[in-house]
Amino acid sequence: MADYARKVPADFMVDSSSLRRVLAAKEDSSVHTKTVSRVMEFLDRFDEDDVEIVKRRGTRRVVFSPRLVERLRRLGTQSQTAEVDRARENRSVVIGST
């Protein structure tokens, strides 16, 4: 999350146009405005204590607490470590090493 969010005084923030770019890059296509809204609403419901949707200067933004950003960072690190471990196990099976 910290890769996509911008640090603001007390939290991290992703505005709707940044979220659209991230989603478009993932899908290799344009993303409809309704899709961006649905993702923002999902994120808001995801963790009601640590996520808030605000509107500043006519732009909707999703604000994440530092606590949630850190929790997501740790989960991402654990996921990457598990993928590396699985790859090593698969390599051992394929080449017959221990």
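Note: the structure precedes this text.
What you see is a predicted model, and the numbers here were worked out from it, not measured in a lab. (Residues numbered from 1 in each chain as written. Predicted model: local features only at pLDDT ≥ 70, side-chain atom pairs only at ≥ 80, totals over all residues. Heavy atoms only, no water.)

Trainee: Is there a simple way to explain unusual backbone geometry in this structure?
Mentor: Negative phi is the rule for most residues except glycine; trans is the rule for most peptide bonds. Of note, the phi angle at arginine 57 is positive, near 50 degrees, even though the residue is not glycine. Its location among the elements puts arginine 57 in the loop between strand 3 (51-56) and strand 4 (59-64). With relative accessibility at 80%, the residue arginine 57 sits in the exposed group. (Helix = DSSP H or I, 4+ residues; strand = E, 2+ residues; numbered from the N terminus. Buried < 20%, exposed > 50% of the residue type's maximum accessible area, 1.4 Å probe, protein only.)

Trainee: Quick question: what am I supposed to make of the sheet that holds strand 2 (residues 12-15) here?
Mentor: Within a sheet, neighbouring strands are paired by backbone hydrogen bonds and run either parallel or antiparallel to one another. Pairing is antiparallel across the open sheet formed by four strands, whose spatial order is 1-2-4-3. Strands with a single pairing partner mark the edges of an open sheet, and in this sheet they are strand 1 (6-7) and strand 3. Looking at chain direction, strand 1 and strand 2 are connected through two bridges and run antiparallel. Counted as the bridge partner of lysine 7 is phenylalanine 12 from strand 2. Where helix 1 (residues 16-27) meets the sheet, it contacts strand 2 and strand 4, and its direction lies at approximately 75 degrees from that of strand 2. (Pairing = 2+ DSSP bridges. Contact = heavy atoms within 4.5 Å. Axes fitted to C-alpha atoms, helices over the stretch in contact; angles between N-to-C directions.)

Trainee: What exactly am I supposed to notice about the pattern of salt bridges here?
Mentor: Proximity of charged atoms lets side chains of opposite charge pair with each other. If you walk through the whole model with that rule in mind, you get three salt bridges. With its nearest N and O atoms 2.7 Å apart, the salt bridge here joins arginine 67 to aspartate 50. Taken as a pair, arginine 67 in helix 3 (residues 66-95) and aspartate 50 in the loop between helix 2 (33-46) and strand 3 lie far apart in primary sequence, 17 residues in all. Since its relative accessible area comes to 56%, arginine 67 is described here as exposed. Residue classification places aspartate 50 among the buried positions, given a relative accessible area of 6%. Residues glutamate 70 and arginine 74 are paired through a salt bridge, measuring 3.8 Å at the closest nitrogen-oxygen approach. Here arginine 74 and glutamate 70 lie together in helix 3, a separation of four residues that amounts to about one turn. Classification of glutamate 70 by relative accessible area gives partly exposed; the value is 31%. Relative accessible area serves as the criterion here: at 42%, arginine 74 is assigned to the partly exposed category. (Salt bridge = Lys/Arg side-chain N within 4 Å of Asp/Glu carboxyl O.)

Trainee: Would you mind showing me how to read the pairing of strand 4 here?
Mentor: Side-chain direction in a regular strand flips from residue to residue, so the side chains alternate between the two faces of the sheet. Pairing of strand 2 with strand 4 involves four bridges; the strand directions are antiparallel. Counted as the bridge partner of aspartate 15 is arginine 61 from strand 4. Where strand 3 meets strand 4, six bridges bridge the pair, whose relative direction is antiparallel. Looking at strand 4, one finds that lysine 55 is bridged to arginine 60. With antiparallel pairing between neighbouring strands as the criterion, strand 3 and strand 4 make up a hairpin whose turn holds two residues, including arginine 57 at a positive phi of roughly 50 degrees.

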